[in-house]
Amino acid sequence: MYCPLKIDNNHGLIFSSSITPISVTVNIELKNKLNSYEILILDKNSNEILRKSLRSDESNTLLETSFTWDLKSKSNSYVESGCYIISLIDTSNELKCCSIECKVVDTRNILSITRSLKRSTPNIPRPLFSIYFDIIEDIQGVILERLKNNRFEEPYFVACITACFIQEMADDIQNQSKSRILDLMAEFQSKNSMSEKTTRLSLWALFDFLINYMSDMEDCLRANAMAKCGQCHLTQHDKAQIVSSLVLAICPHCKTIIFPNNVIGSIAEKIIEGIIKFGIKYVSTKHVNKSISICQTLPLGNSCDVVIR
């Protein structure tokens, strides 16, 4: 059935300093020039979020206009993450002409949750905990920046995965007695002596920690996050963007070798950096694919029910 409503970007993202609004095009032939129309936005429980009048030119028999929703409710506050229904209403008889679904993700808590985890006091050595969540924060930061710059084909899904992934970590650490993350860190610490003044790991220790200890756990958390968001695949483009984000965020933490400040040192540094980036890309691709495989074995949740606490 023909629908006079069309969403130009089927996602809305709320960031700390900006938003990606939802833009809707309205194109309807007016049977009666005296008819008036409204845009009505409802949440999944049919609660009214916003209502806006659309005005037409009385000399025209066609209503062509656009509507941009700034992701705020009638109380002027940002809405929660989830799915919303945008409807075109003929106000002469309160007839609903057409409805379409749109999606919103509030990403503002992603980095704040990560930073709060770094400030928590788990029963493991503080240096290792800080090093790990410095890396996690950098990864989330790069992904969020790319979401702002519209670098993903399915930004709603990527934003949901990112939010759910960090929430999965927070939930795991909150239950310290059964935390997989804390157990893995404690196991690594028991086999590697670390001073309280340690601020970074050597290249090989970092490789050992991230790959041999943390990666399998992260694969499961990522798979759970994808399943909760209701989808078990990524587009090739979005997968490449996520892997690229991992490379960009992790690589600086691997620069533990000091090279001579001369031409030879500069060349050697570029060669080593290229090798490290290639290695991170190879390993990251492998583990993102593993997460997708795990997700395919899990029951998919309802993306409308994603809650970012």
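That block above? That's the structure.
Let us look at the structure shown here.

Moving on: the overall build of the protein. Across its full length, the protein carries 7 helices and 9 strands. Sorting the 309 residues of the protein into buried and exposed places 48% on the buried side. At a minimum sequence separation of 6, the contacts of the protein that also span at least 24 residues come to 71%. Summed over its atoms, the accessible surface of the protein is roughly 16200 Å², and 51% of this surface lies on carbon and sulfur atoms.

With respect to the element layout, Glu218 can be found in helix α5 (residues 203-228). No salt bridge is formed by the buried Glu218. Its closest oppositely charged neighbour is Arg222, at 4.4 Å. Excluding anything up to four places from it in sequence, Glu218 contacts Tyr132, Ile136, Phe165, Met169 and Ser291.

Per the stated rule, a full pass over the model turns up 7 aromatic pairs. A centroid spacing of 5.5 Å and a plane angle of 70° characterise the contact between Trp69 and Tyr84, whose relative ring orientation is edge-to-face. One end of the pair, Trp69, is in strand β7 (residues 62-69); the other, Tyr84, is in strand β8 (residues 82-90), and 15 residues separate them in sequence. You'll find Trp69 and Tyr84 in the same group, each marked buried. Ring geometry for Phe129 against Phe133: centres 4.9 Å apart, planes inclined by 50°, an arrangement best described as tilted. Remark: Phe133 and Phe129 occur in helix α2 (residues 126-148); sequence separation between them is 4 residues, near one turn of the helix. The residues Phe129 and Phe133 share a single accessibility class, namely buried. The side chain of Lys72 reaches across the aromatic face of Tyr78, ending 5.3 Å from its centre.

Compared with an ideal rise of 1.5 Å per residue, which puts 12 residues at 16 Å, helix α4 (residues 180-191) spans 17 Å between its outermost C-alpha atoms and is within 8% of the ideal. Three or more residues of α4 are buried, namely Ile181, Leu182, Leu184, Met185, Phe188 and Gln189. In an axial view of α4, the angular spread of the buried residues amounts to 160°, which keeps them on one side of the axis. Of the residues in α4, the exposed ones pointing more than 90 degrees away from the buried face are Ser190 and Lys191.

As a further point, take the nonpolar core. Counting residues in each nonpolar core, the largest one holds 69 residues, and the members touching the most others are Tyr132, Met169 and Phe209. Contributing elements (two or more residues each) for this core: α1 (109-119), α2, α3 (155-174), α4, α5, α6 (236-250) and α7 (263-295). In this view, Phe209 contacts Leu128, Tyr132, Met185, Phe188, Leu201 and Met214; residues no more than four positions away in its chain are not counted. With 24 residues, the next largest nonpolar core counts Leu5, Tyr37, Ile41 and Ile86 among its residues.

Turning to α1, its buried residues are Ile110, Leu111, Ile113, Thr114 and Leu117. Across the axial projection of α1, the buried residues extend over an arc of 160°, all falling on one side.

Turning our attention to the pairing of β8. The buried fraction of β8 is high, at 8 of 9 residues. Where strand β5 (residues 37-42) meets β8, 6 bridges bridge the pair, whose relative direction is antiparallel. Its bridge partner lying in β8, Leu40 is registered against Ser87. As paired elements, β8 and strand β9 (residues 95-106) share 9 bridges and run antiparallel to each other. By the bridge assignment, Ile89 is partnered in β9 with Lys96.

Attention shifts here to the pattern of salt bridges. In total, this model carries 15 salt bridges according to the counting rule given. The partner of Asp219 in a salt bridge is Lys290, with the nearest N and O atoms 3.8 Å apart. In this pair, Asp219 sits in helix α5 while Lys290 sits in helix α7, placing the two residues 71 residues apart along the sequence.

Conventions adopted
Residues numbered from 1 in each chain as written. Predicted model: local features only at pLDDT ≥ 70, side-chain atom pairs only at ≥ 80, totals over all residues. Heavy atoms only, no water. Helix = DSSP H or I, 4+ residues; strand = E, 2+ residues; numbered from the N terminus. Buried < 20%, exposed > 50% of the residue type's maximum accessible area, 1.4 Å probe, protein only. Contact = heavy atoms within 4.5 Å. Areas by Shrake-Rupley, 256 points an atom, 1.4 Å probe, with all protein chains shown as cover. Lys, Arg positive; Asp, Glu negative; His and termini not counted. Salt bridge = Lys/Arg side-chain N within 4 Å of Asp/Glu carboxyl O. Phe/Tyr/Trp six-rings, centres within 6.5 Å; stacked < 30°, edge-to-face > 60°. Lys NZ or Arg CZ within 6 Å of the ring centre and 35° of its normal. Expected span 1.5 Å × (residues − 1). Arc of directions from axis to C-beta. Core = buried A, V, L, I, M, F, W, Y, C linked by side-chain atoms within 4.5 Å. Pairing = 2+ DSSP bridges.

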